[in-house]
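# A structural walkthrough
The chain contents come next:
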Amino acid sequence: MLETLVVVASATGLYALARSSRGNETFEVNPSLVAMFADDHGKELPCPWCYAATDETDTRCRGCGRKFG
C-alpha cells in the first residue's frame, strides 16, 4: 500500500513539473541565419561570356548567341 502511494505521488509530481516547465515561450527567428534554396533543377552555370542563364540542353547562349562546347 505504501509503495502505491509513493508511485502515485511521484507520478503526480513529475506531471506537475512537466506542465509547469512548458511555458509560453516565443522564439524569434534571425532572418540572416535562414537559408533559402531555390529549385535550380536542370540549370547549369551562366554563360561564360555574357552571364545569361543557360539550360542543360542549350547548344547556344540565349543571350549572346555564342556556341557552347
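Residues numbered from 1 in each chain as written. Predicted model: local features only at pLDDT ≥ 70, side-chain atom pairs only at ≥ 80, totals over all residues. Heavy atoms only, no water.

## Examining the overall build of the chain
Note the threshold: Helix numbering and strand numbering both begin at the N terminus, where a helix is a DSSP run of H or I of at least 4 residues and a strand a DSSP run of E of at least 2. Buried, partly exposed and exposed residues are distinguished by accessible area as a fraction of the type maximum, computed with a 1.4 Å probe on protein chains only: under 20%, between the cut-offs, and over 50%, respectively. Shrake-Rupley sampling with a 1.4 Å probe provides the accessible areas, and residues are treated as covered by the protein chains on show and by no other component.
Each helix and strand counted, the chain has one helix and zero strands in total. The burial tally for the chain puts 6% of its 69 residues in the buried class. About 6,700 Å² of surface is accessible on the chain, with carbon and sulfur atoms providing 59% of the total.

## Some words on the environment of Asp55
Structurally, the position occupied by Asp55 is in the segment after α1 (2-21). Spatially, the C-alpha atoms of Asp55 and Leu45 are 8.4 Å apart, while their sequence positions differ by 10 residues.

## Regarding the side chain of Thr54
Let me state the cut-off plainly: Any pair of nitrogen or oxygen atoms within 3.5 Å is treated as a polar contact; in protein, a donor-acceptor pairing is required on top of that, and neighbouring residues in sequence qualify only through side-chain atoms on both sides.
Within the fold, Thr54 resides in the segment after α1. At a separation of 2.7 Å, a polar atom in the side chain of Thr54 contacts the main-chain carbonyl oxygen of Leu45.

## So, unusual backbone geometry
Phi angles above zero are rare outside glycine, and Tyr51 is one such case at about 65°. Given a relative accessible area of 63%, Tyr51 falls into the exposed group.

## Some thoughts on the environment of Arg62
Structurally, the position occupied by Arg62 is in the segment after α1. Spatially, the C-alpha atom of Arg62 lies 8.8 Å from that of Cys47, the residues being 15 residues apart in sequence. At 3.2 Å, the side chain of Arg62 forms a polar contact with the side chain of Asp58.

## Concerning the state of the cysteines
This is how it is decided: Sulfur atoms of two cysteines make up a disulfide when they are within 2.5 Å.
With the rule as written, the count across this model stands at zero disulfides. For Cys50, which is in no disulfide, the shortest distance to another cysteine sulfur is to Cys61 and amounts to 3.5 Å.

## Quick notes on a nonpolar patch on the surface
To keep it simple, the criterion reads: In this analysis, a patch consists of residues with relative accessible area above 30% that form no salt bridge, clustered at 9 Å for like charges and at 5 Å for the nonpolar side chains Val, Leu, Ile, Met, Phe, Trp and Tyr. Only one rule defines a salt bridge in this text: a Lys or Arg side-chain nitrogen within 4 Å of an Asp or Glu carboxyl oxygen.
On the surface, a cluster of nonpolar side chains totalling about 320 Å² of accessible area is made up of Leu2, Leu5 and Val6. Inspection of the secondary structure puts Leu2 in helix α1.

## Description of the environment of Tyr51
Topologically, Tyr51 is positioned in the segment after α1. In this structure, the C-alpha to C-alpha distance between Tyr51 and Gly63, residues 12 residues apart in sequence, is 8.3 Å.

## What about the side chain of Asp58?
With respect to the helices, strands and loops of the structure, Asp58 is situated in the segment after α1. Classification of Asp58 as buried rests on a relative accessible area of 19%. Reaching out from Asp58, the side chain makes a polar contact with the backbone nitrogen of Asp55 at a distance of 2.8 Å.

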